[in-house]
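Each chain, letter by letter, is given below.
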Amino acid sequence: MGAGQAGLQLGIGLLAQGYGVTIVSNRTADQIAAGRVMSSQSMYDMAVGYERGLGLAMWDDECPPITGVHMRAGGSDGKLLIDWRSPMSAPGQSVDQRIKMPAWMAEFERRGGRLLIEDADLAALERYADESDLVVVSTGKGEIGKLFERDAERSVFDRPQRTISLTYVHDMKPRKDWSALNISINPGIGEYVNFPALTHTGPCDIINLECIPGGPMDRWDEVKTPAQHLELAVELIRTYFPWEAERCSNLRLTDDLGTLVGRITPTVRKVVGRLPSGRAVMGMADVLVLNDPITGQGSNNASKCAMVYLDAIARRGAAAFDEDWMKATFETYWDYAQWVARFTNTHLLPPPPQLLKVFAACGCNPKLAARIANAFDDPKGLAPWYYDEAEADRFLASFEVTA
Ligand SMILES: Cc1cc2nc3c(=O)[nH]c(=O)nc-3n(C[C@H](O)[C@H](O)[C@H](O)COP(=O)(O)OP(=O)(O)OC[C@H]3O[C@@H](n4cnc5c(N)ncnc54)[C@H](O)[C@@H]3O)c2cc1C
C-alpha cells in the first residue's frame, strides 16, 4: 500500500528478486506530478546508494549536490553563537517527489509490477491480504494508519513540536564556498533549513522553516496565497536569521504548488496491524517511525527500511510471513531507526549543555565537524556522546588527542 519512497523502493527491489508485486496508490503518476510538493526529501549517501543499487538513482547528473553542512545559531540581532561548516564524505541530493515517484511508478510497471490506483480502505486491505502472502502498508494516513498502535514507550512526544513550512524557490544566491545543508537556529523561536534540489523547473532551493508552535514564526495561518507564503518566508528569514537574508533578496517560487504547511507529531508505532478479520498486515517507514523533518531523515529512513524489509523477505524463503517474523524484521530496522529518532527528537528540544560544547568545538576542529556533518547520512555513530554530558567531555578530550 502506497507508492512513496518506501513502497516503490521495496516493490522494485522485490521484482528484481523474482517476486510478484502489486503496489496500490491513491493517486496516479500524473496526479502526483501535477500536485503539491510533499517533502523536501534531502537524501544522503547510504540511502541514495541503495537507490543506485536498484538502478533507481536516475537524477545523479541533473540534481545539484548537497556537498556539506553549515550550522549556525544566533539571535535576531545577527550575532552568531555557533558557526561551523564541513564537507560531507559524499554528497546528498533532493529530487522533488513529484518527479521521482511518477518516474519510479513507470519503472515499476516497466519491470513487471502491477500498479493499481485505489484509495485503499480496510475492506481493500482485507482483499489484498486474502490474495497475497504479505501486505506491507507504507501509508499512515486515514483509517489505515489507525491500524498501527502507538508505541508509548518509544514515542517521546504526543503533539507536534513545530509548524513546518516548505517553500521551493529559484534565484537564491549561491553560497560562496560549496552547496550545503544550511542549518540556522534561533533558540526558542525556530530553525531555517535550506539546501539545493531538483524540481520540475530545474535546479532550485528549498526553504524549510521550522516554527515553534505559538512562537513568533508560527504565522502561517495568515497566508492565503502562494505569493503571501513566499513573502512571509522571506520576512521570517530576514527577521530571525538575518545572516541568510542576503541570499534570499530576490526569490521567486518555482510554481504555485511549491509551498506546504503542516505539523507532525513524531511517533513510533507497532509493526503489526490487525484487520477486522484478524489477519495481520505489516507497517513500514513513516507508518512506524514518523519524525519531524528538522534533521531531514524520513526519506532516508524509508530507503533504509525498504532495504531491511527486502533482505528479510528474501531470507524468509518459503516460510510464512507471520507476526513473529514481522516483529523481528521491525526490530532489525529499529536497531537503526531509533538513532534517527533520537537525533531528530534531540534537535526539537532546547540544546542540552553537551551539544553546545560539541558544536562550539566543531568551529575549531574540522575532523569533529566532519563527524557531525556525516551523521546526517548515518546518525548511529553519535551515541553515546551526543546525548550525555560526561560522555561528551570524554569524547571531546579523546578526539582532541587523536584528531
Ligand atoms: C515538510 C516535510 C519535509 C521533509 N523533508 C525531508 C527531508 O529533507 N529529508 C528526508 O529524508 N525526509 C523528509 N521528509 C520526510 C519524507 O518526505 C517522508 O519520511 C517520506 O516521504 C516517507 O516515505 P513513505 O514511503 O514512508 O511515505 P509517503 O511518502 O507518505 O508515501 C505514501 C504514499 O501512499 C499514498 N497513499 C496514501 N493513502 C493511501 C491509500 N489509502 N491508498 C493507497 N495509497 C495511499 C500516498 O499518496 C503516498 O504516495 C519531509 C517531510 C515533510 C512533511
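Residues numbered from 1 in each chain as written. Predicted model: local features only at pLDDT ≥ 70, side-chain atom pairs only at ≥ 80, totals over all residues. Heavy atoms only, no water.

- Looking up the protein chain in an unreviewed UniProt entry gives the name FAD-binding oxidoreductase, with the organism given as Pseudothauera rhizosphaerae.

## A few points about the nonpolar core
Then step 1. Counting residues in hydrophobic clusters, the biggest one holds 63 residues, and the most contacted among them are Leu10, Met284 and Tyr309.
Then step 2. Sorting the residues of this core by element identifies α1 (5-16), β1 (22-25), α4 (97-110), α5 (122-131), β6 (136-137), β15 (280-283), α8 (298-316) and α9 (323-348) as the ones contributing at least two each.
Then step 3. When residues of this core are assigned to their parent elements, the largest contribution, 8 residues, is made by α8.
Then step 4. With near-sequence residues (within four places) excluded, Tyr309 lies in contact with Leu10, Val136, Val271, Met282, Gly283, Met284, Leu288, Thr329 and Phe330.
Then step 5. Among the nonpolar cores identified, the runner-up in size contains 39 residues, and Ile66, Leu355, Ala369 and Ala373 belong to it. (Core = buried A, V, L, I, M, F, W, Y, C linked by side-chain atoms within 4.5 Å. Buried < 20%, exposed > 50% of the residue type's maximum accessible area, 1.4 Å probe, protein only. Helix = DSSP H or I, 4+ residues; strand = E, 2+ residues; numbered from the N terminus. Contact = heavy atoms within 4.5 Å.)

## Overview of helix α10 (residues 353-362)
Then step 1. Considered for burial, the residues of α10 that qualify are Gln354, Leu355, Val358, Phe359, Ala361 and Cys362. Taken down its axis, α10 places every buried residue within 160° of arc, on the same side. (Arc of directions from axis to C-beta.)

## A few points about the pairing of strand β9 (residues 190-199)
Then step 1. Counted residue by residue, β9 has 10 buried out of 10 residues, so it is predominantly covered.
Then step 2. Every second residue of β9 is oriented toward a common face, with Gly190, Tyr192, Asn194, Pro196 and Leu198 on one face and Glu191, Val193, Phe195, Ala197 and Thr199 on the other, all of them buried.
Then step 3. With 5 bridges connecting them, strand β8 (residues 180-186) and β9 associate as antiparallel partners. When the sheet's bridge partners are listed, Ser184 is paired in β9 with Tyr192.
Then step 4. Counted between consecutive antiparallel strands, the loop separating β8 from β9 contains 3 residues, among which Gly188 sits at a positive phi close to 85°.
Then step 5. Bridge analysis of β9 against strand β10 (residues 202-211) gives 10 bridges, and the strand direction is antiparallel. Pairing of Thr199 across the sheet is with Gly202, part of β10.
Then step 6. Between β9 and β10, which follow one another and run antiparallel, lie 2 residues. (Pairing = 2+ DSSP bridges.)

## Observations regarding the sheet that holds β6
Then step 1. An order of β6-β15-β14 is seen for the 3 strands of this open sheet, with the pairing classed as mixed. A strand with exactly one partner marks an edge of an open sheet, and here the two such strands are β6 and β14 (272-274).
Then step 2. Note that β6 and β15 share 2 bridges and pair parallel. Bridging from a neighbouring strand, Val136 pairs with Met282 of β15.
Then step 3. Sheet contacts for α9: β14 and β15; angle to β15, the most-contacted strand, approximately 10°. (Axes fitted to C-alpha atoms, helices over the stretch in contact; angles between N-to-C directions.)

## Concerning the domain arrangement of the protein chain
Then step 1. In terms of domains, the protein chain is made up of domain 1 (5-59 + 95-157 + 267-348), domain 2 (66-92 + 161-263) and domain 3 (353-402).
Then step 2. The C-alpha-based centres of domain 2 and domain 3 are spaced at 25 Å.
Then step 3. Taken together, the contact pairs 12 residues of domain 2 with 11 residues of domain 3.
Then step 4. Roughly 830 Å² is buried in total at the junction of domain 2 and domain 3, and carbon and sulfur atoms are behind 76% of that figure.
Then step 5. At the boundary of domain 2 and domain 3, one finds 0 salt bridges.
Then step 6. Taken together, the connections running from domain 2 to domain 3 amount to 2 residue pairs in polar contact (both at pLDDT 80 or more).
Then step 7. Listing elements by their share of the side of domain 2 that touches domain 3, those giving two or more residues are β3 (66-74), β4 (80-94) and β8.
Then step 8. Broken down by element, the side of domain 2 that touches domain 3 gets its largest block of residues, 8 residues, from β4.
Then step 9. Per-class residue counts for the side of domain 2 that touches domain 3 are 8 nonpolar, 2 polar and 2 charged. (Domains from an automatic or database assignment. Buried area = accessible area lost by both parts, 1.4 Å probe. Salt bridge = Lys/Arg side-chain N within 4 Å of Asp/Glu carboxyl O. Polar contact = N/O pair within 3.5 Å; in protein donor to acceptor, adjacent residues only side chain to side chain. Nonpolar A, V, L, I, M, F, W, Y, C, P; charged D, E, K, R; others polar.)

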